[in-house]
Amino acid sequence: MILEARNIIKSFGDTQILKGLNLSVDKGDVVAILGRSGSGKTTLLRCLDFLEKADGGTLVFDGKEHELKTISKKEIREIRLKTGFVFQNYNLFSNMTALENVMEGLVTARKINKKDALDTALSMLEKVGMEKWKDHYPIQLSGGQQQRVAIARALATNPEVIYFDEPTSALDPELTGEVLEVMKRLAEDGMTMIVVTHEMGFARRVASRVVFMEEGVVVEEGDPETIFTSPKEKRTQEFISRISSVME
């Protein structure tokens, strides 16, 4: 097991978003997290990668146990050196080319020399099919191309886990397909991924496990076929029924 979250709690003001959530992820897993808007999916990812600080709970990462309420900056840095994060809206630097965007974290945060960073960035852009656009700025790229650059940036750090927060939500259907194809190839290569998504086809065909969240907890989880065809929990059944009718 590469990651285990135990009893994760997070509130914003008086509103509790995560209510003692538990999640475990094995190496090579592709975990698709489904749920209605407001169920806490994005907050969970942000707490796991310390973009938000959880109010309580335990994270076991790579065999080391960390109490999230008291975790130190040193521990956070050690964990984040092993993770990547792909955002909904790309979060690329507008004043940098695609190549520079992928290199930036390697040079600035990880102190890798520029030649090695350049070689790595070129390799990752090639991996996501963006090497031809390496000298283009974000404004010159489509949304799908920008998201592929963002994935290359996440891959460049050689992470053990990549978190994807609804990576296709800002894209039209054609561009969604090119991003999902890159993610499918990563899954086939054995990359461990936790993906918050509304793309049910991706969750069903590519995920090794599907997690359904509601009101800040995991309601049900299992293999994709079971969750999509014969979920056990009533709330899961209602969700699957609703999204199936929308997709028809």
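Scroll up for the structure.
Given the structure is predicted, the values throughout are model-derived calculations rather than measurements. (Residues numbered from 1 in each chain as written. Predicted model: local features only at pLDDT ≥ 70, side-chain atom pairs only at ≥ 80, totals over all residues. Heavy atoms only, no water.)

K.L.:
Pulling in residues and values, what's your account of the overall build of the chain?
P.N.:
When its secondary structure is counted, the chain shows nine helices and ten strands. Against the compact-globule benchmark of 18 Å for 248 residues, the chain has a radius of gyration of 18 Å, which places it among compact chains. For the chain, the C-alpha atoms occupy an extent of roughly 55 × 45 × 35 Å along the three principal directions. Across the 248 residues that make up the chain, the buried fraction comes to 51%. Partitioning the contacts of the chain with sequence separation of at least 6, the portion at a separation of at least 24 is 65%. Positive and negative side-chain charges in the chain, numbering 33 and 38 respectively, have mean positions lying 4 Å apart. (Helix = DSSP H or I, 4+ residues; strand = E, 2+ residues; numbered from the N terminus. Rg over C-alpha atoms; globule rule 2.2 N^0.38 Å. Buried < 20%, exposed > 50% of the residue type's maximum accessible area, 1.4 Å probe, protein only. Contact = heavy atoms within 4.5 Å. Lys, Arg positive; Asp, Glu negative; His and termini not counted. Charge placed at Lys NZ, Arg CZ, Asp CG, Glu CD.)

K.L.:
With reference to specific residues and values, describe the packing of helix α3 (residues 98-108) against helix α5 (residues 143-156).
P.N.:
Here α3 crosses α5 at 25°, and the two axes come no closer than 9 Å. Between α3 and α5, the crossing angle belongs to the class labelled roughly parallel. Considering only the axes of α3 and α5, their crossing is right-handed. For the pair α3 and α5, contact is made by A98, N101, V102 and L106 and by V149, A152, R153 and A156, respectively. Considered class by class, the residues forming the contact of α3 with α5 number six nonpolar, one polar and one charged. (Axes fitted to C-alpha atoms, helices over the stretch in contact; angles between N-to-C directions. Parallel < 35°, antiparallel > 145°, perpendicular 65-115°, else oblique. Left-handed = near helix turned anticlockwise from the far one by under 90°. Nonpolar A, V, L, I, M, F, W, Y, C, P; charged D, E, K, R; others polar.)

K.L.:
I'd love a proper account of the nonpolar core, names of residues and values included.
P.N.:
Across soluble globular proteins, nonpolar side chains have a tendency to be buried as a group. In this structure, V149, I151, L155, F164, M183, M193 and F228 are the most contacted members of the largest nonpolar core, which totals 51 residues. Those residues within four positions of F228 in sequence are excluded, and the remaining contacts are L34, M200, A203, R204, V210, I240 and I243. Counting 29 residues, the second-largest nonpolar core is a separate cluster that includes I33, C47, L48 and F61. (Core = buried A, V, L, I, M, F, W, Y, C linked by side-chain atoms within 4.5 Å.)

K.L.:
A description of the packing of α5 against helix α6 (residues 173-188) should follow, citing residues and the corresponding values.
P.N.:
Any two packed helices are characterised by how steeply their axes cross, that is the angle between the axes, and by the distance between the axes. Packing of α5 against α6 leaves a shortest axis separation of 8 Å and a crossing angle of 20°. As judged from the angle between their axes, α5 and α6 are roughly parallel. Of the two elements, α5 crosses α6, and the hand of that crossing is right-handed. Contacts from G143, G144, Q145, Q147, R148, I151 and L155 in α5 reach L175, E178, V179, V182, M183 and L186 in α6. Across the contact of α5 with α6, the residue classes break down as seven nonpolar, four polar and two charged.

K.L.:
How would you summarise the side chain of T97 if you had to cite specific residues and measurements?
P.N.:
Here T97 shows up in the loop between β6 (83-86) and α3. Among all residues touching T97, those that are not within four sequence positions of it are K134, D135, H136 and Y137.

K.L.:
Describe the sheet that holds strand β5 (residues 64-67), with residues and values.
P.N.:
Strand order in the open sheet formed by four strands is β2-β1-β4-β5, with antiparallel pairing between adjacent strands. At either margin of the open sheet sits one strand with a lone partner, and together these are β2 (15-25) and β5. Sheet twist, expressed as the average angle between the axes of neighbouring strands with direction ignored, equals 20°. Bridge count for strand β1 (residues 3-12) against β2 is eight bridges, and the pairing is antiparallel. Each bridged residue has a counterpart across the sheet, and for I9 the counterpart in β2 is K19. Running at roughly 65° to β2, helix α1 (residues 41-48) makes contact with β1, β2 and β4 (56-61) of the sheet. (Pairing = 2+ DSSP bridges.)

K.L.:
With reference to specific residues and values, describe the pattern of salt bridges.
P.N.:
A complete count under the given rule lists 16 salt bridges for this structure. R6 is the salt-bridge partner of E4, the closest N and O atoms lying 3.4 Å from each other. By relative accessible area, which is 24% here, E4 ends up partly exposed. Notably, a salt bridge pairs D49 with R80, separated by 3.8 Å at the nearest N-O pair. One end of the pair, D49, is in the loop between α1 and β4; the other, R80, is in helix α2 (residues 73-80), with 31 residues separating them in the sequence. Taking the relative accessible area as the measure of exposure, R80 reaches 34% and is therefore partly exposed. In the salt-bridge network here, residues are joined through shared partners; they are E4, R6 and E65. (Salt bridge = Lys/Arg side-chain N within 4 Å of Asp/Glu carboxyl O.)

K.L.:
Quick rundown of the environment of K134? Include the residues and the values.
P.N.:
Within the secondary structure layout, K134 lies in the loop between α4 (114-127) and α5. The partly exposed category is assigned to K134, whose relative accessible area is 28%. As for K134 and T97, which are separated by 37 residues in sequence, their C-alpha atoms are 6.6 Å apart. Ignoring sequence-local partners within four residues, the contact set of K134 consists of T97, A98, L99, L122 and L125. In terms of polar contacts, K134 uses its side chain to reach the side chain of D135, at 3.1 Å. (Polar contact = N/O pair within 3.5 Å; in protein donor to acceptor, adjacent residues only side chain to side chain.)

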